[in-house]
Structures are given as C-alpha cells and as structure tokens.
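# Secondary and tertiary structure notes
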Amino acid sequence: MLFFSTLGLIVYSLRLVHADCFEPSPAFPLPLWQNGMQQLEAAFQRIDQRLEKLAEDQQYDTSSFSVGVTSNTDTLWTHFHSARVHNATRPGVTHIDGDSQYRIASISKTFTVLGILHQHAAGNLSLDEPVSLYIDELKHAHSGDMPWNDITIRVLASQLSGIPRDVIQADLINGETDPTELGLPPVSKEGLPRCYEYGGLKPCNRTDLLHALKTHHPIFAPNAISTYSNTAFELLGLVLENVIGLDYDVYMQHAIFGPLNMTLTSLSTPPDDHAVLPVDQTYWDVDQGVHKPTGGIYSSLDDMSKYLRYVMTHYNALATGVNWLLPASWSTGMESFYGMPWEIFRTDRILEKSKRPVTFVTKAGGVPSYFSRISIMPEYGLGLTVLIAGSNTLLKEIQEIVTVELVREAEAVIWKDVQKTYSGNYVSTNTSLNSSIELAARPSTGLVLQSFISNGTDVFQTLLQQYAEALDVKRWHAQLVPTLLYKNEAEQKGEIWRLLVVAERTGEGAVWDEFCNTDVDPISYAGLPVNEFVFWHEEQRLELPAWRVSMKRSTADTAERLVVQV
Ligand SMILES: *[C@@H]1O[C@H](CO)[C@@H](O)[C@H](O)[C@H]1NC(C)=O
Ligand SMILES: *[C@@H]1O[C@H](CO)[C@@H](O)[C@H](O)[C@H]1NC(C)=O
Ligand SMILES: *[C@@H]1O[C@H](CO)[C@@H](O)[C@H](O)[C@H]1NC(C)=O
Ligand SMILES: *[C@@H]1O[C@H](CO)[C@@H](O)[C@H](O)[C@H]1NC(C)=O
Ligand SMILES: *[C@@H]1O[C@H](CO)[C@@H](O)[C@H](O)[C@H]1NC(C)=O
Ligand SMILES: *[C@@H]1O[C@H](CO)[C@@H](O)[C@H](O)[C@H]1NC(C)=O
Ligand SMILES: *[C@@H]1O[C@H](CO)[C@@H](O)[C@H](O)[C@H]1NC(C)=O
C-alpha cells in the first residue's frame, strides 16, 4: 500500500496540470518506403484514375500538370498530364514528363530561406539580428517609419514581420482593368514607382524597392501577428547578396541548385525546350527583378523531388537550434500555421479510424497561369509536388485527391507492418519469472498492450490503473509511442518506445478536453524511466530497463490470432 500512496503522491502534481491527451503522434516509427511503388500501389492506381478523370473536364483543355510523390530516398510515383490545346505559334513542350519546366512562384521563398539558414550556420549572419544590420539603407532614420531594428531575419522568414505584402506589385493602378471601372477614383501615377514586372515597364531593382518601402507603414507590430509578405523575402534576397557578395541568382545556383543536381532549375528564363506554356500564358518570360527571391524560380518535377528529399533528410540538421519544419506562429483557424516560410496544415479529419492529427508542411506558389504546392508529410516520410500550368482550380482538387488517398493507404500499410513487426506475446527470458506482455496494433489506438504481467502481478491493475486514476482518466488504453531514438544510434538498433496511459474520448465534450500538455516521461524507478520499452528486433526481444527484464517474442500464433482488420 505504501507503493500506491507513493505513486499517488508523485503523480498528484500531474493532476493539477494534466488534461487528456488523446492521440499521441507520431504513433509509429518513420516508415521505409524502399519498394514504395508496390507498398502504396493501390493508392497510386486510384489516384491515377481520379486524376485522369479530373483532367477529362473540358475546362482543363489548356491545362497541363505534373504530380509526384517521393520518399526520403526515391521518387515513388509520378503522374503527368499534357494539355489538349496548345498555342500554335509558341507551343512549348506538348508531352509533359519529369523534365518539363514550370514557374514555381512562391515556392522560391523556401529556397531563399534555405540560403539564409546555410549562411546562419556558416556564421555569416544571425537569424536573430535585425535586418537593418545587413542592409545599410535600413539603418538610417530617413528610411521610413518601419521599425527595422525590431525586425529580425527570423521574423521576416516566418511571415511575422508586419511589413506590407507588396510595396510595388499588386497595385491596381498597374492592372489591366481601368480602375474607374471598379469604382475607384481616377488618380495620378505621379510619385509612384516607374517599374513593374510587366506592362512594358522595366523590372524593379534594389533601389526601387528600398525607395518604395520608405513610403509604407507597418501592418502589425513585429513578431506579433502573422500575415503573408512577399516583401520580406525580397529583403532576405538582398541580405543574402550583401553577406555573400554574390548576385542572388549566382548564389542559388552555386549553393543549392548545383549541389542538389537540380539541372533544370534556374532563375533566368529557360529556353522553350522543356517549357510548359499554356495557350494564353503571359508570364513565362517575365523578369521579376528584385522580386526573384520571393517568386522567381523555374523548375521541373524531378528537380523538386530532389529538393524535397534534401529537405526531408536535413530539416533538423541545417543549423543549430533550428528545426526547419516546425511552426513559428499560428495563421487563422485551428489547423493552419506559418513556419519559415512554410504553410503548415494539421488536420484530424484525414484518418478514417482515428482523430490523430496528420501534419502537412507545405508551400504554395501562384503567378498568372502557374500554380504549385510542395507538401512534406514528416510522420510518413513522404513528399508531394504538384505543378500546374493552366487553371488554378486544379491545385485544390489534385492536393485533396492525392493527400487523402495517399495518407489513408500509407496508414493501412503501416499498421499491417507494425502488427507484423511488433505484435504478439512476449515472455520473460528468465523462465522462473512469471512476466509477460501481449502487444497488438490497430489503426484506432496504435500499438497497445493487451496485458502486462510482471513477476505474477497484473500491472494493469496496479501501476497503470493508479496512473490513470491520478490523471483522472476514465477510459484509457496502454499505448506504446516511438521516440525515434535507438539505444545504439550508430547501428540503429534497440528502438526506444515509451508506454503511455492514453485517454479515450468519452463524448462528454467539455471545452477544455482537448487541452494537452505532452508528457511522455512521468515517473522513474530506481533512476530508470519506468515506461521505457526497447525493441531489439534481431533477437525478437523486448527490454524493460526499469523492470530489469527482457522478454522474448513467442511464435507467430499470437500474432495471427491478433491480426486486425485495417
Ligand atoms: C535601378 O534603376 C534605376 C532606374 O530606374 C537606376 O537609376 C538605379 O541606378 C538602379 N539601381 C541599381 C542598384 O541598379
Ligand atoms: C560567408 O561569407 C563570405 C563572404 O562574406 C563567403 O566568402 C563565404 O563563402 C560565406 N560562407 C558560406 C558557407 O557560404
Ligand atoms: C544529375 O541529374 C541528371 C538528370 O537530371 C542525371 O543524369 C545525373 O546522373 C545526375 N548526376 C548526379 C551526380 O547525380
Ligand atoms: C500564343 O502565343 C503568342 C506568342 O507568345 C501570343 O502572342 C498569343 O497571344 C498566344 N495566343 C493565345 C490564343 O493566347
Ligand atoms: C531468474 O529469476 C529468478 C526469480 O526471480 C532469480 O532468482 C534468478 O536469479 C533469475 N535468473 C537470472 C539469470 O537472472
Ligand atoms: C518476485 O516477487 C517475489 C515476491 O512475490 C519477490 O520476492 C521477488 O524478489 C520478485 N522477483 C523479481 C525478479 O521481481
Ligand atoms: C502469472 O501471473 C498471472 C497474474 O497474477 C497469473 O494469472 C498466472 O496464472 C501466472 N502464471 C503462472 C504460470 O504462474
């Protein structure tokens, strides 16, 4: 009884701060999609059919698109659609493949930030210094009323600068429609910038941008509220040029496109050989000038897959203290966040058997006739590229079809795999000890303990029950969650998981039910974490360090008996 009251005391403090944490994530180790085409083939077949059907619509006669899914190591699947109608005088490519080039527009911002992260890591700049340290013109009092000394590089990259979205672009006075037809009053262009991306004006340069900025005012205070800004990335391009002493184009080629072997990626307009040119496109040749770091890159599906693989394998190793895929602020609503400069979506509506949230770290791009999005699904080790030339309504349709089919199929494959690899009966290697564990995997609850006997004691009735009571959790399961670490990191052996008492939804629906402070390391025993479980797969052995016990996985009978419908 002393033991129980001690536990009660230890976890008592948790009771005050802990609310229910329903579906821990990640729930499984990073999947290896070595022969992903076969593993995910069912989904890819369905996606191919649905995309073909979608493209049949007459409204897409002049649209082309390239879509591809990559793992951390290989392209798993691609789908190409060539427009049925081309421009007779300037058709561009009429058969789309992995080398066909599009304008990727604002996806360029991720390349600019990657350059910034490389320079931060090299010590050439600091993410947390103000931008005015790197752009002389912003140092002086006469540089307008923007609080440049409080606007850091990190804040610019995170859409948190509060500076205007555009200072030269997106001005209706330069539009094709007469502003008075929109109900706007006639005004003079006197004093406005004499540069623009198109309309026969010269592209804007550094001088134009910094000059125009002086006449603008902040939208929000720095580091307070996020809002989309193109200007932020134009400034980051200038910062890069200043710290490296190279033109942005030259630096990108030298530091990123070249090393990643992105042979069909550039900032200058490529020849028409690989160009996807919709019938009435007007934007392929546009020189964005100083706006290039915010939207100037041309690329192909194959190159973007190379880029995604690089990001997916380096995001937490680019610079000390930076995990590139994490959010920096919330956007509007509960499911959207800004990263640096990622657009992050986290939804609990994509899985069929669980409300476990799935995260998509994305960046979209759009200029006239070119629409695109890259998406990283970090838990699944999958990356998606969608490049469109033509209709913008295709982007949302393709994104929905591919991500929903893909994630649901990946879930099915993963839980079958977890079931095969982990489930079954584990019995103490010391036969004079009555200790055993039974594991099963289900898409609804993840990898769970069915039973846990330690030296003749049913741990579900003792420690786990006490813990659930201390957390004030009524319905629960005992779930194992991976830490993604190994006892032997060098050889990736001895996979470390933690056992959690996971609350199940009761349907009571109190407002604060969804509040969760993740805590996977609640109590220890004699200095060792009591919920640490280590899988040594080669030996089919499960080690519980705090319990001083190792258990051997028994024959496949149990695994078969426990097979679950996915
Ligand atoms: C930008 O263009 C203007 C003319 O429009 C020119 O006076 C200025 O020198 C240019 N600045 C740079 C940095 O090239
Ligand atoms: C740091 O900046 C210097 C120029 O200021 C440049 O020569 C060097 O290549 C930069 N370092 C990296 C890693 O790019
Ligand atoms: C670079 O990519 C091209 C195709 O885009 C390929 O033929 C070549 O082998 C690649 N080079 C390296 C070093 O990977
Ligand atoms: C076809 O391309 C030419 C040259 O780029 C352009 O002038 C023309 O407007 C385009 N045709 C259509 C129907 O958009
Ligand atoms: C096996 O367990 C028994 C009972 O707890 C114990 O006495 C014995 O030392 C253990 N043997 C080994 C090899 O750990
Ligand atoms: C098993 O439990 C008995 C008491 O029931 C205890 O004496 C013994 O030390 C325990 N052994 C282990 C290895 O837990
Ligand atoms: C092991 O312990 C459990 C739980 O106390 C008990 O139900 C079971 O009969 C024991 N098995 C053996 C072989 O003693």
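Above: the structure in question.
Residues numbered from 1 in each chain as written. Chains lettered and ligands numbered in written order. Predicted model: local features only at pLDDT ≥ 70, side-chain atom pairs only at ≥ 80, totals over all residues. Heavy atoms only, no water.

### Quick word on the environment of Phe345
- Note that Phe345 resides in strand 7 (residues 343–347).
- With a relative accessible area of 31%, Phe345 lands in the partly exposed category.
- With 12 residues separating them in the primary sequence, Phe345 and Pro357 have C-alpha atoms 9.6 Å apart.
- In contact with Phe345, other than residues within four places in its own chain, are Glu335, Ser336, Val358, Thr359 and Phe360. (Helix = DSSP H or I, 4+ residues; strand = E, 2+ residues; numbered from the N terminus. Buried < 20%, exposed > 50% of the residue type's maximum accessible area, 1.4 Å probe, protein only. Contact = heavy atoms within 4.5 Å.)

### So, a nonpolar patch on the surface
- On the surface, a nonpolar cluster with roughly 280 Å² of combined accessible area is contributed by Leu172, Leu182 and Leu184.
- Tracing the sequence through the fold places Leu172 in the loop between helix 5 (153–157) and helix 6 (206–213).
- For Leu172, a relative accessible area of 51% gives the class exposed. (Patch = residues over 30% accessible without salt bridge, like charges linked within 9 Å, V, L, I, M, F, W, Y side chains within 5 Å. Areas by Shrake-Rupley, 256 points an atom, 1.4 Å probe, with all protein chains shown as cover. Salt bridge = Lys/Arg side-chain N within 4 Å of Asp/Glu carboxyl O.)

### Quick word on the pairing of strand 7
- Of the pairings in the sheet, the one linking strand 6 (residues 336–338) to strand 7 comprises 3 bridges and is antiparallel in character. Within strand 7, the position partnered with Ser336 by the bridge is Phe345.
- In this sheet, strand 8 (residues 358–367) lies alongside strand 7 in antiparallel orientation, the contact comprising 5 bridges. Across the sheet, Thr347 pairs through a bridge with Val358, a residue of strand 8. (Pairing = 2+ DSSP bridges.)

### Here's the deal with the site of ligand 3
- Near ligand 3, the surroundings consist of Asn261, Thr263 and Lys306.
- At a separation of 3.4 Å, an oxygen atom of ligand 3 approaches a polar side-chain atom of Thr263.
- Between ligand 3 and the protein, one listed contact pairs an oxygen atom with a side-chain N or O atom of Lys306 at 3.2 Å. (Near = heavy atom within 4 Å. Polar contact = N/O pair within 3.5 Å; in protein donor to acceptor, adjacent residues only side chain to side chain.)

### Comments concerning the nonpolar core
- Within the largest apolar cluster, 81 residues are counted, with the highest numbers of intra-cluster contacts made by Phe111, Leu235, Tyr307 and Trp324.
- Dropping the residues within four chain positions of it, Phe111 is found in contact with Ile104, Met252, Ile256, Phe257, Met262, Ile297, Met304 and Tyr307.
- Among the nonpolar cores identified, the runner-up in size contains 72 residues, and Phe22, Phe28, Phe65 and Leu394 belong to it. (Core = buried A, V, L, I, M, F, W, Y, C linked by side-chain atoms within 4.5 Å.)

### Structural notes on the environment of Ser63
- Residue position: Ser63 is located in the loop between helix 3 (41–56) and strand 1 (64–70).
- In this structure Ser63 comes out as buried when scored by relative accessible area, which is 1%.
- Along the backbone, Ser63 and Ala389 are 326 residues apart, and their C-alpha atoms lie at a distance of 5.6 Å.
- Ser63 has contacts with His81, Ser82, Ala83, Ala389, Gly390, Ser391 and Leu394, leaving out every residue within four places of it along the chain.
- Among the polar contacts made by the side chain of Ser63, one reaches the main-chain amide nitrogen of Ser391 at a distance of 2.9 Å.

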